[in-house]
Amino acid sequence: MKVLILGGDGFCGWPTSLHLSQCGHDVVIVDNLSRRFIDVELEVESLTPIRPIHERLAVWKEHTGKEIGFVNLDLAHDYDRLLDLLMAERPDAVVNFAEQRAAPYSMRSPKAKRYTVDNNISGNHNLLCAIVESGLDIAVVHLGTMGVYGYGWTGTAPIPEGYLTVTVPTPDGELEREILHPANPGSVYHMTKTLDQLLFAFYAKNDGIRITDLHQGIVWGTQTPETALDERLINRFDYDGDYGTVLNRFIMQAAIGHPLTVHGTGGQTRAFIHIRDTVRCIEIALNNPPDCGDQVSVFNQVTETHRVRDLAKLISGLTGADVAYLPNPRKEAEENELNVTRERFLALGLDPTTLSEGLLEETRNIGAKYADRADRTKIVARSVWKAGMEVSPDL
Ligand code: NAD
Ligand code: USQ
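Residues numbered from 1 in each chain as written. Chains lettered and ligands numbered in written order. Predicted model: local features only at pLDDT ≥ 70, side-chain atom pairs only at ≥ 80, totals over all residues. Heavy atoms only, no water.

Asker: When you look at helix α6 (residues 110-134) in this model, what are you seeing that I'm missing?
Answerer: Side chains of residues three or four places apart in an α-helix project in the same direction, reflecting 3.6 residues per turn. Along its 25 residues, α6 runs 35 Å from first to last C-alpha, staying within 8% of the 36 Å computed at 1.5 Å per residue. Two residues or fewer past α6, G135 is found with a positive phi of approximately 75 degrees. (Helix = DSSP H or I, 4+ residues; strand = E, 2+ residues; numbered from the N terminus. Expected span 1.5 Å × (residues − 1).)

Right under this line is the structure:
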């Protein structure tokens, strides 16, 4: 199938593009390279030495003979070019990774909050609107987040895959209805994902667009078989206080002898998935789209849940790293349970990579190998959820 990968230069989009190309799909990456510019703004670089996009694509062709197209386009602002691209390429499907995806970055300043909302919401809406205007039947796969459900609302009850069956009291008795699970975002970034859900529900209902929304947990790991083919294909690895996610940060911190930066008590329970499973899930989702007229198809794209302090203890046990309990720069529940339903991908054949399988490989092959590229002054998280919250000094 022909697939446009929006955000295909990013952490999830790049390995997905290579995987789909390797599987024989015709892939075109669409990306405005904004993530690389944000690195410049934050004065930090991926721990891994990522190469420019055209070099990446040339190396892929050198190894496999397969060509991946590239279009530099801003999804949020280049509507006419997006429409022209859809008409010219006539893709079977579009995968949308192209959003500002860091919660701390989205909270760091009024400018970053406004950029995140403008970029994420306009981008998604432009895509949906352009598909309708094109008159083409293009399936959409979107990367959402587990954070749309929030943490703690359902206690220990399992979080369903998108929809909740509720009983509505009426004067004539009770009605049973299926509704989107109530949204409970914890950051401006997560809020954009909850707004995306309403855009999708409307366009699926009104225009019959076939949409799959993947509520993904925190992605960890770096390499897939394709990105590991050549160092010039290596995936990005964010470790800084804004873009680094917790498990990859702990892996890198252990490798450079930095204390593991647990926020608060570390009682936050979160969902995780390895990048190798992310790319497989996208392939599965592309192969199993909903029909025209169906409601949005929601999958919980997670394989494990862990408490932050347990992850810190695990990595500390493996590596001898110290654990630092820091003031939490976020407004979030100190402790929460998380029980996630994740039957749909398992039923469609996903065979998850577990933490116990991938952790040592990641510590050695990425954390230790590229330790000398780390800038220790960029590690402690400095974006706070409200003015006046305490920030830790460098450790
Ligand atoms: P990333 O920042 O590494 O990649 C996003 C890519 O999109 C970047 O290459 C960026 O340049 C591009 N982009 C952003 N705005 C754009 C625009 N307006 N026009 C064109 N290109 C644009 O992020 P990622 O980690 O690969 O995440 C991809 C998606 O997956 C995001 O939507 C994110 O919310 C979701 N997600 C990520 C994680 C995770 O742990 N990384 C977990 C759950 C969900
Ligand atoms: N945390 C620490 N120490 C750190 C970094 C984080 O204790 O050094 C804690 C945070 O306070 C939070 C938890 O770890 O409680 C997760 O933080 P994170 O930065 O790993 O993840 P999050 O901000 O939720 O965002 C990431 C991705 C986002 C995606 C989301 C999936 O950046 O794109 O949507 O994971 S989920 O968390 O399931 O919503």
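Asker: Please explain the pattern of salt bridges as it appears in this structure.
Answerer: Pairs can form between side chains of opposite charge whenever their charged atoms are close. By the definition in use, this model includes 26 salt bridges. Between R236 and D39 there is a salt bridge, with the nearest N and O atoms lying 2.7 Å from each other. Taken as a pair, R236 in the loop between β9 (218-220) and α8 (246-256) and D39 in helix α2 (residues 34-42) lie far apart in primary sequence, 197 residues in all. Like D39, R236 is buried. The salt bridge involving R280 is made with D277; its shortest N-O contact spans 2.7 Å. Remark: D277 and R280 occur in helix α9 (residues 275-287); sequence separation between them is 3 residues, near one turn of the helix. (Salt bridge = Lys/Arg side-chain N within 4 Å of Asp/Glu carboxyl O. Buried < 20%, exposed > 50% of the residue type's maximum accessible area, 1.4 Å probe, protein only.)

Asker: Explanation requested: a nonpolar patch on the surface in the structure shown.
Answerer: A contiguous nonpolar patch, built from L314, L318 and L360 and spanning about 240 Å² of accessible area, is present on the exposed surface. Mapped onto the elements, L314 comes out in helix α10 (residues 308-319). (Patch = residues over 30% accessible without salt bridge, like charges linked within 9 Å, V, L, I, M, F, W, Y side chains within 5 Å. Areas by Shrake-Rupley, 256 points an atom, 1.4 Å probe, with all protein chains shown as cover.)

Asker: Looking at this structure, I do not really get unusual backbone geometry. What am I missing?
Answerer: Glycine aside, residues mostly have negative phi angles, and peptide bonds mostly take the trans form. A positive phi is found at E43, a non-glycine position, where the angle reads about 55 degrees. Unusually for a residue other than glycine, R90 sits at a positive phi of about 45 degrees. Inspection of the secondary structure assignment puts R90 in the loop between α4 (79-89) and β4 (93-96).

Asker: What's the story with the sheet that holds strand β5 (residues 139-145) in this structure? I'm lost.
Answerer: For sheets, the rule is that strands pair by backbone hydrogen bonds, running either parallel or antiparallel. Strand order in the open sheet made by the 7 strands is β3-β2-β1-β4-β5-β8-β12, with parallel pairing throughout. Both edges of this open sheet fall to β3 (69-71) and β12 (297-301), since each of them pairs with a single strand only. Across the sheet, the axes of successive neighbouring strands diverge by a mean angle of 20 degrees, strand direction being ignored. Taken together, the 5 bridges between strand β1 (residues 2-6) and strand β2 (residues 26-30) define a ladder with parallel strand orientation. (Pairing = 2+ DSSP bridges. Axes fitted to C-alpha atoms, helices over the stretch in contact; angles between N-to-C directions.)

Asker: In this structure, what is going on with the pairing of β1? I would like to understand it.
Answerer: Taken residue by residue, a regular strand's side chains alternate between the two faces of the sheet. The element β1 is largely enclosed, with a buried count of 5 among its 5 residues. Side-chain alternation along β1 places K2, L4 and L6 on one buried face and V3 and I5 on a second face that is also buried. Each parallel crossover has a hand, and for β1 linked through helix α1 (residues 13-22) to β2 it is right-handed. (Right-handed = clockwise from strand over helix to strand, strands pointing away.)

Asker: How should I be thinking about the site of ligand 1 in this particular structure?
Answerer: In the neighbourhood of ligand 1, 28 residues make up the surrounding shell, with C12, D31, N119, Y189 and K193 lying closest. Within the side chain of D31, one N or O atom sits 2.6 Å away from an oxygen atom of ligand 1. For ligand 1, a nitrogen atom lies 2.9 Å from a polar atom in the backbone of L75. Against a free-state accessible area of 820 Å², the protein chains account for coverage of 97% of ligand 1. When residues of the shell around ligand 1 are traced back to their parent elements, those giving at least two are α2, β5, α7 (188-207) and β9. (Near = heavy atom within 4 Å. Polar contact = N/O pair within 3.5 Å; in protein donor to acceptor, adjacent residues only side chain to side chain.)

Asker: I'm lost on the environment of L180 in this one. Help?
Answerer: One can find L180 in strand β7 (residues 173-180). Residue L180 is classed as partly exposed on the basis of its relative accessible area of 25%. Expressed as a C-alpha distance, the spacing of L180 and A58, which sit 122 residues apart in the sequence, is 43 Å. Every residue in contact with L180, bar those within four places of it in the chain, is listed here: G162, Y163, Q197 and L198. (Contact = heavy atoms within 4.5 Å.)

Asker: What's the story with the side chain of T116 in this structure? I'm lost.
Answerer: Tracing the sequence through the fold places T116 in helix α6. A relative accessible area of 0% means that T116 is categorised as buried. Once residues within four sequence positions are removed from consideration, T116 is found in contact with Q100, S106, I121, V188, Y189 and T192.

Asker: What exactly am I supposed to notice about the state of the cysteines here?
Answerer: Summed over the entire model, instances satisfying the criterion amount to 0 disulfides. Between C12, a cysteine without a disulfide, and C281, which holds the nearest cysteine sulfur, the sulfur-to-sulfur distance is 11 Å. In this structure C129 is a free cysteine whose sulfur lies 17 Å from that of C292, the closest cysteine sulfur available. Judged by relative accessible area, C129 falls into the partly exposed class, the value being 27%. (Disulfide = S-S within 2.5 Å.)

Asker: Before we go on, may I ask you to explain the sheet that holds strand β11 (residues 269-274) in this structure?
Answerer: Taken in spatial order, the 3 strands line up as β9-β11-β13 in an open sheet, and their pairing is mixed. Pairing within the sheet leaves two strands with one partner each, and these edge strands are β9 and β13 (304-307). Here the average twist between neighbouring strands, direction ignored, is 45 degrees. Along the sheet, α8 makes contact with β9 and β11, crossing β9 at roughly 35 degrees.

Asker: Honestly, the site of ligand 2 in this entry has me stumped. Any pointers?
Answerer: Not every one of the 23 residues close to ligand 2 is listed here, only the nearest: R101, T145, Y189, T261 and E332. When the free accessible area of ligand 2 is taken as 730 Å², the share hidden by the protein chains comes to 96%. Those elements giving two or more residues to the shell around ligand 2 turn out to be α7, α8 and β10 (260-263). Partitioning the shell around ligand 2 into residue classes produces 8 nonpolar, 10 polar and 5 charged. (Nonpolar A, V, L, I, M, F, W, Y, C, P; charged D, E, K, R; others polar.)

Asker: Can you help me understand the packing of α8 against α10 in this one?
Answerer: Relative orientation and spacing of two packed helices are given, respectively, by the angle between their axes and the distance between those axes. Look at α8 against α10: their axes get within 10 Å of each other, and the N-to-C directions meet at 25 degrees. One element, α8, and the other, α10, form an angle in the roughly parallel class. The crossing of α8 and α10 is right-handed. For the pair α8 and α10, the contacting residues are V246, L247, F250, I251 and A254 in the first and V308, L311, A312, I315 and T319 in the second. Across the contact of α8 with α10, the residue classes break down as 9 nonpolar, 1 polar and no charged. (Parallel < 35°, antiparallel > 145°, perpendicular 65-115°, else oblique. Left-handed = near helix turned anticlockwise from the far one by under 90°.)

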